[in-house]
Amino acid sequence: MQYDIIVVGGGHAGIEASLASARMGAKTLLITMLVEQIGAASCNPAIGGLAKGHLVREIDALGGQMGLCTDATGIQFRVLNSSKGAAVQGSRAQIDMDEYRVYMQNICLNTPNLEVYQDEVSDLLLNDDKLEVQGVITRLGEEFKAKKVILTTGTFMKGLIHIGANTYEAGRAWELPSSTLSTQLKELGLKVGRLKTGTPSRLDAKSIDFSQMEAHGGDETPTPFSFRTSKDEFNPTQLPCFITYTNETTHENIRSNFERAPLFTGQIEGTGPRYCPSIEDKVNRFSSRDRHQLFLEPQTKCAREYYINGLSSSLPIDVQKDMIHSIPGLQNAKIVRYGYAIEYDYIDPTELLHTLETKKIKNLYLAGQINATTGYEEAAAQGMIAGINAVLNIQDKEPFILGRHESYIGVLIDDLVTKGTNEPYRMFTSRAEYRLLLREESADIRLMPYGYELGLIDEDTYNKMKQKEATIKEAVEFMENEWFTPKKENLKLLSDLGEDKISDRTLLIDVVGRNTIDASKFDALVPNYAHLDPYIKDQVITEAKYYRYVLKQQRQIEKMQKMLNLKIPADFVYDDLPGLSTEIIEKLKAYNPPTLFNASQISGITPSAVDILHLNINKKQKEK
């Protein structure tokens, strides 16, 4: 049977890849191990977070499904870092993981151009020289032909679960692994590595004493993830999470069983996530800490089962029981499912182009945890980009590559394919050098034009965004050109508002840009725009606060773009350039890039290396 695109795996990457492909008109087949597990939340029942919320907003602005699904199935919505600047705030939602899964299954099963099939993909179909993929072979012996294949295998490639000394092969608890695919990929010359992640125990809600914990609710006025969700009608039922802590008894129980921990005995060989370590790793690495915070999260709207965020573990079950029962509120807790670690194969992401197509095997794309990332949001973002680029390639159109200055998605993919990683990669705001431009609330203005052009955003949604953009631009331009003078009535206004006075005339945008200005003060200072929708008004105020910083970053971007257009002389000598590693020099000599932009696209060539090249090329030109 012939398809345009086959997507292997029904997780967060596979869903976005399949939907983008089908919605762009490609005949698409999604092959997954269990249809009922499409959209399953393998670990925590939450979407978003710091930097991760940015990714969800960007996926939504491009026409993806994650934000809409989260709004439809969320049971708590919060903005993290709300006391800090907008650039480092992050939206996070608890989800009903059962409803989330059913929602995504129904979307996939009812999307035109998309077929769903349950089976394991055991091998890739290749041309005679094994340099081009032509389809897949399944475990049941089915052969499906396709112009493009996108692998989104998550933790399933040679997945191995660890609970104490007990191990069993699985891609997720009690689900069959993909046992042959990574072997074939390795034989085809792709670099295959081994990583590890983990998950905590789940507890029976009836056995938890919540009175010993601190309740943690959602925002009083919740904000939806999707730009397509009506803010006026958004009123989800919100459930609390609960905070408790480990203690010295917990830690001593863990320490006394280090010799039984697969993480320390050598049983686990893969590298785990540095920023989401297991509890045994935290107790070992941060031995001076007398407690660690735990966050109990309801897994569904019914709240029958709770996830213990912060207590991931692969310790033996008797140790897991004892450590849980030492925690306030959990003394009588009944464990429904034990925590575990899982090792799995991944492909070195430097094997990929920015389109997420592999360099060695034409028409083969990879997205999600197979590329050494961790997190639902990182996976979904990659799936979206892989799906879009696979279709564009079939249509003989230019690839869709987002820049680092345009989006967190651009930062994510550029980091992966140019720098690589030897541990599960997680997105942080600190990874984005232009984060002041990449705030969550601006994702629609930044990226929705692309989604519209790709056919993934409808005209009505696009027009609403353009209207919002025009309103914000008009208000900002008014403040940019309006002087606020130190005349008597203005000084009185500032005094009445509790604001410091001015001694010289000041642009209104700089007055509104003060950290102390809120919506009510804005109305008094800029009465012409007091009528604005509260959501739009908040963005106008944010634009004012970041105005000077954004101008500076935009100049840096313009300088960078100009720099990347610089031609590298054909006779330029890379040897012995101070600051460049031997590995980077060898790559530059091998590729002989014609411009700095071409050099920046070589895997392993870092931004600092590009800066060094720029300085030395200019120096050589001046010497001539």
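**Let's talk about the overall build of the protein**
Then comes step 1: Counting its regular elements, the protein contains 21 helices and 22 strands.
Then comes step 2: The C-alpha atoms of the protein give a radius of gyration of 26 Å, which matches the 25 Å a tight globule of 624 residues would have.
Then comes step 3: Each principal axis of the C-alpha atoms in the protein carries an extent, and together these give about 80 × 70 × 55 Å.
Then comes step 4: Taken across its 624 residues, the protein has 57% of its residues classed as buried.
Then comes step 5: Long-range contacts, defined as pairs at least 24 residues apart, comprise 72% of the intrachain contacts of the protein with a sequence gap of at least 6.
Then comes step 6: When the accessible surface of the protein is summed, it comes to about 27000 Å², and 48% of that surface belongs to carbon and sulfur atoms.
Then comes step 7: Positive and negative charge centroids in the protein, built from 71 and 84 side chains respectively, lie 4 Å apart.

**Regarding the environment of P486**
Then comes step 1: Here P486 lies in the loop between β21 (483-484) and α14 (488-496).
Then comes step 2: Of the residues examined, P486 reaches a relative accessible area of 32% and is grouped as partly exposed.
Then comes step 3: Sequence separation of P486 and D504 is 18 residues, and the distance between their C-alpha atoms is 6.1 Å.
Then comes step 4: Residues contacting P486, with those up to four places away along its chain left out, are L491, I502, S503, D504 and R505.

**As for the packing of helix α2 (residues 52-61) against helix α3 (residues 66-73)**
Then comes step 1: Interhelical geometry of α2 versus α3 gives an angle of 115° and a closest axis separation of 7 Å. What the angle tells us is that α2 and α3 run roughly perpendicular. Contacts from V56, I59 and D60 in α2 reach M66, G67 and L68 in α3.
Then comes step 2: Tallied by class, the residues present in the contact of α2 with α3 amount to 4 nonpolar, 1 polar and 1 charged.

**Description of helix α6 (residues 248-255)**
Then comes step 1: Those residues of α6 that sit buried are T250, H251, N253 and I254. For α6, the arc enclosing every buried residue in end-on projection is 160°, short of the 170-degree limit, so these residues lie on one face.
Then comes step 2: Where α6 is buried, its residues touch α8 (279-285) and α9 (317-325).
Then comes step 3: Taking the backbone nitrogen of T249 as reference, a side-chain oxygen 3.0 Å away marks N247 as the first, capping residue of α6.

**What to know about helix α11 (residues 408-419)**
Then comes step 1: Under the 1.5 Å per step criterion, the end-to-end length of α11 is 16 Å for 12 residues, consistent within 8% with the ideal 16 Å.
Then comes step 2: Burial of α11 is extensive: 11 of the 12 residues sit out of reach of the surface.
Then comes step 3: Among the residues of α11, those classed as buried are Y408, I409, G410, V411, L412, I413, D414, D415, L416, V417 and T418.
Then comes step 4: Where α11 is buried, its residues contact α2, α10 (376-394) and α20 (596-600).

**Digging into the pairing of strand β12 (residues 192-199)**
Then comes step 1: Of all 8 residues in β12, 6 are buried, a share of seventy percent or more.
Then comes step 2: As defined by bridge partners, β12 adjoins strand β19 (residues 340-347) across 8 bridges and the pair is classed as antiparallel. Looking at β19, one finds that V192 is bridged to I347.

**Topic: the side chain of T358**
Then comes step 1: Within the secondary structure, T358 sits in the loop between β19 and β20 (364-366).
Then comes step 2: Looking at T358, its side chain comes within polar contact range of the main-chain oxygen of I361, at 2.6 Å.
Then comes step 3: Other than its neighbours up to four places away in sequence, T358 contacts L190, E351, L352, L364 and L366.

**Digging into the packing of aromatic side chains**
Aromatic ring pairs are defined here through the distance separating the ring centres and the angle between the ring planes.
Then comes step 1: By the definition in use, this model includes 13 aromatic pairs.
Then comes step 2: When the ring of Y168 is compared with that of W174, the centres are 4.3 Å apart and the planes differ by 10°; the resulting orientation is stacked.
Then comes step 3: An angle of 55° between the planes, with centres 5.1 Å apart, marks the rings of F210 and Y306 as tilted. Of this pair, F210 sits in the loop between β13 (202-204) and β14 (214-216) while Y306 sits in strand β17 (residues 305-309), and the two are 96 residues apart along the sequence.
Then comes step 4: You can call Y306 buried: its relative accessible area is 6%.
Then comes step 5: A connected cluster of aromatic rings, assembled from ring pairs, spans Y3, Y117 and F144.

**Some details on the sheet that holds β17**
Then comes step 1: Strand order in the open sheet formed by 6 strands is β14-β15-β16-β17-β13-β18, and the pairing between neighbours is antiparallel. Edge positions in the sheet fall to β14 and β18 (335-337), since each has one partner strand and no second. Averaged over all pairs of adjacent strands, the angle between their axes in this sheet comes to 35°, without regard to strand direction.
Then comes step 2: Pairing of β13 with β17 involves 3 bridges; the strand directions are antiparallel. Each residue of the ladder has a partner; that of D204, found in β17, is E305.

**Brief notes about the sheet that holds strand β5 (residues 90-95)**
Then comes step 1: Read from one edge to the other, the open sheet built from 3 strands follows the order β3-β5-β4, with strand pairing classed as antiparallel. Each end of this open sheet is capped by a strand with a single partner; those strands are β3 (46-48) and β4 (74-80). Between one strand axis and the next, the sheet turns by 20° as a mean value, whatever way the strands run.
Then comes step 2: Two elements, β4 and β5, share 6 bridges in a ladder whose sense is antiparallel. Bridged to R78 within β5 is R92.

**Thoughts on the side chain of R439**
Then comes step 1: As for its position among the elements, R439 is in the loop between α11 and α12 (443-453).
Then comes step 2: At 2.7 Å, the side chain of R439 forms a polar contact with the backbone oxygen of L436.
Then comes step 3: A distance of 2.7 Å separates a polar atom in the side chain of R439 from a polar atom in the side chain of E441.

**Side note on the layout of surface pockets**
Any empty space left between the atoms is revealed when a probe the size of a water molecule rolls over them.
Then comes step 1: Taken as a whole, the second largest pocket encloses approximately 1600 Å³ of empty space.
Then comes step 2: Looking at the lining of the second largest pocket, the elements with two or more residues in it are α12, α13 (459-480) and α17 (534-545).
Then comes step 3: Ranked by the residues each element gives to the lining of the second largest pocket, the list is headed by α17, at 9 residues.
Then comes step 4: Partitioning the lining of the second largest pocket into residue classes produces 17 nonpolar, 15 polar and 17 charged.

**A few points about the environment of F295**
Then comes step 1: Of note, F295 is situated in strand β16 (residues 293-298).
Then comes step 2: With 40 residues separating them in the primary sequence, F295 and R255 have C-alpha atoms 22 Å apart.
Then comes step 3: Sequence-distant contacts of F295, that is, excluding residues within four places in its chain, are made with R92, Q94, H216, C241, F242, I243, Y307, I308 and N309.

Calculation rules
Residues numbered from 1 in each chain as written. Predicted model: local features only at pLDDT ≥ 70, side-chain atom pairs only at ≥ 80, totals over all residues. Heavy atoms only, no water. Helix = DSSP H or I, 4+ residues; strand = E, 2+ residues; numbered from the N terminus. Rg over C-alpha atoms; globule rule 2.2 N^0.38 Å. Buried < 20%, exposed > 50% of the residue type's maximum accessible area, 1.4 Å probe, protein only. Contact = heavy atoms within 4.5 Å. Areas by Shrake-Rupley, 256 points an atom, 1.4 Å probe, with all protein chains shown as cover. Lys, Arg positive; Asp, Glu negative; His and termini not counted. Charge placed at Lys NZ, Arg CZ, Asp CG, Glu CD. Axes fitted to C-alpha atoms, helices over the stretch in contact; angles between N-to-C directions. Parallel < 35°, antiparallel > 145°, perpendicular 65-115°, else oblique. Nonpolar A, V, L, I, M, F, W, Y, C, P; charged D, E, K, R; others polar. Arc of directions from axis to C-beta. Polar contact = N/O pair within 3.5 Å; in protein donor to acceptor, adjacent residues only side chain to side chain. Expected span 1.5 Å × (residues − 1). Pairing = 2+ DSSP bridges. Phe/Tyr/Trp six-rings, centres within 6.5 Å; stacked < 30°, edge-to-face > 60°. 1 Å grid on protein atoms, 1.4 Å probe; cavity = no way out; pocket = protein on both sides within 12 Å on 5 of 7 lines; lining within 4 Å. Points joined across faces, edges and corners; volume = space filled by probe spheres on them.

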